[in-house]
Amino acid sequence: MHRRTLALAAVLVLVGLAGCTGLFGPEEVASEQLNENASYDWDTETNASITLDRRSYQAVYAMPNNSSFTIYNRDELGREEGVPVSALRFRYDNGTVIQPENTSLTAERTGRSTVIQLPNNSSGQVAYTAPRQGKSFAIPTHLGEDTYSIALPASRRVGIPLLSQVAPSGYETPVNESNDRMTVAWNEPVEAQALRVRFYLQRDLFIFGGLATVAIIVGTVGTVYYWRQLQEIRRRRKEAGIDLEEEEYEDDDGPPPGMR
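From a predicted model like this one, the values you see are computed outputs, not experimental measurements.

**Things to note about the sheet that holds strand 15 (residues 165-167)**
The strand order across the open sheet formed by three strands is 12-18-15, and the pairing between neighbours is antiparallel. Looking along the sheet, the strands with just one partner apiece sit at the ends: strand 12 (136-140) and strand 15. Averaged over all adjacent pairs, the angle separating strand axes in this sheet is 5 degrees, with direction ignored. Sheet topology note: the strand 15/strand 18 (residues 194-198) ladder contains three bridges and is antiparallel. Residue pairing across strands places Ala167 opposite Arg196, the latter belonging to strand 18.

Following this line, the structure appears as structure tokens:
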């Protein structure tokens, strides 16, 4: 009996880890979390606009008469998982912005996705905030083949191959001088299933350049030192009369031995 109980518990754990809808079905996201304060830039040039900060990101998606919108992340093993959304908002085409409080705008999270229920099949834009960290970011292309943009945190850049990477290709990288933000923009429909960016802080470029300069200097000094030591050894061998014949051949401009 004890073994059967342990086996059943193990199966339940595996089912939960496999990313099913959860042992108890979808879980509605807390209203306090969905109604958190946030300010979004609704004036976007792409249908999906993502703005990165140090510990979070804001996403704004165009919604053409959808009743719901499903989003997800992928963990380190490539498995789908729900997005812990907060500060959920919806903007109608006429400019009116609503939040979940006292509206039909809600969100439910399962083991494999987060489903945002939109108000009355209305067209407009939906926005949310979610956590992130580090100098890289990846997100599925939730709108399918559409236009996307990712605004990097202030003073972050892409462009140096060893320090950054962007996928897929076909992007532009304009910089807003007023806030020192670079935006990676795909202005043509993206066919890839995910967007990925790895960026660097501008000062990292100077650090990298300084380290490269030090490495070059150290390498040059080491080469010169080795060459001088080699010359000293050759001089001592000549003075001791060692391998004189070989040294003479090396210094002789004539044909090699056997061809004289």
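**Details of the pairing of strand 9 (residues 106-109)**
Sheet faces and side chains relate simply in a regular strand, where the side chains alternate between the two faces. Two elements, strand 1 (residues 27-28) and strand 9, share two bridges in a ladder whose sense is antiparallel. Note that in strand 9 the partner of Glu27 across the bridge is Arg109. Of the pairings in the sheet, the one linking strand 9 to strand 10 (residues 114-117) comprises four bridges and is antiparallel in character. Across the sheet, Thr106 pairs through a bridge with Gln117, a residue of strand 10.

**What to know about the pattern of salt bridges**
Within this structure, the stated rule accounts for four salt bridges. With a shortest N-O distance of 2.5 Å, Arg157 and Asp180 are connected by a salt bridge. You can see Arg157 sitting in strand 14 (residues 156-157) and its partner Asp180 sitting in the loop between strand 16 (175-176) and strand 17 (181-186), a full 23 residues away along the chain. Owing to a relative accessible area of 10%, Arg157 belongs among the buried residues under this scheme.

**Points about the pairing of strand 13 (residues 148-151)**
Alternating positions in strand 13 separate into two faces, Tyr148 and Ile150 on one and Ser149 and Ala151 on the other, with burial throughout. With four bridges joining them, strand 2 (residues 48-52) and strand 13 adopt parallel strand pairing. By the bridge assignment, Ile50 is partnered in strand 13 with Ile150. Direction of pairing for strand 13 relative to strand 17: antiparallel, over a ladder of four bridges. In the sheet register, Ala151 faces strand 17, and the bridge partner there is Thr183.

**Digging into the packing of aromatic side chains**
Using the criterion set out here, one finds seven aromatic pairs in the structure. On the numbers, 6.3 Å between centres and 20 degrees between planes, the contact of Tyr61 with Tyr128 is stacked. Note that Tyr61 is positioned in strand 3 (residues 56-63) and Tyr128 in strand 11 (residues 124-131), a separation of 67 residues in sequence. According to the relative accessible area criterion, Tyr61 is buried, its value standing at 1%. With relative accessibility at 0%, the residue Tyr128 sits in the buried group. What links up through ring pairs into an aromatic cluster is the set Tyr57, Tyr61, Phe69, Tyr128 and Phe137.

Definitions and cut-offs
Residues numbered from 1 in each chain as written. Predicted model: local features only at pLDDT ≥ 70, side-chain atom pairs only at ≥ 80, totals over all residues. Heavy atoms only, no water. Pairing = 2+ DSSP bridges. Helix = DSSP H or I, 4+ residues; strand = E, 2+ residues; numbered from the N terminus. Axes fitted to C-alpha atoms, helices over the stretch in contact; angles between N-to-C directions. Salt bridge = Lys/Arg side-chain N within 4 Å of Asp/Glu carboxyl O. Buried < 20%, exposed > 50% of the residue type's maximum accessible area, 1.4 Å probe, protein only. Phe/Tyr/Trp six-rings, centres within 6.5 Å; stacked < 30°, edge-to-face > 60°.

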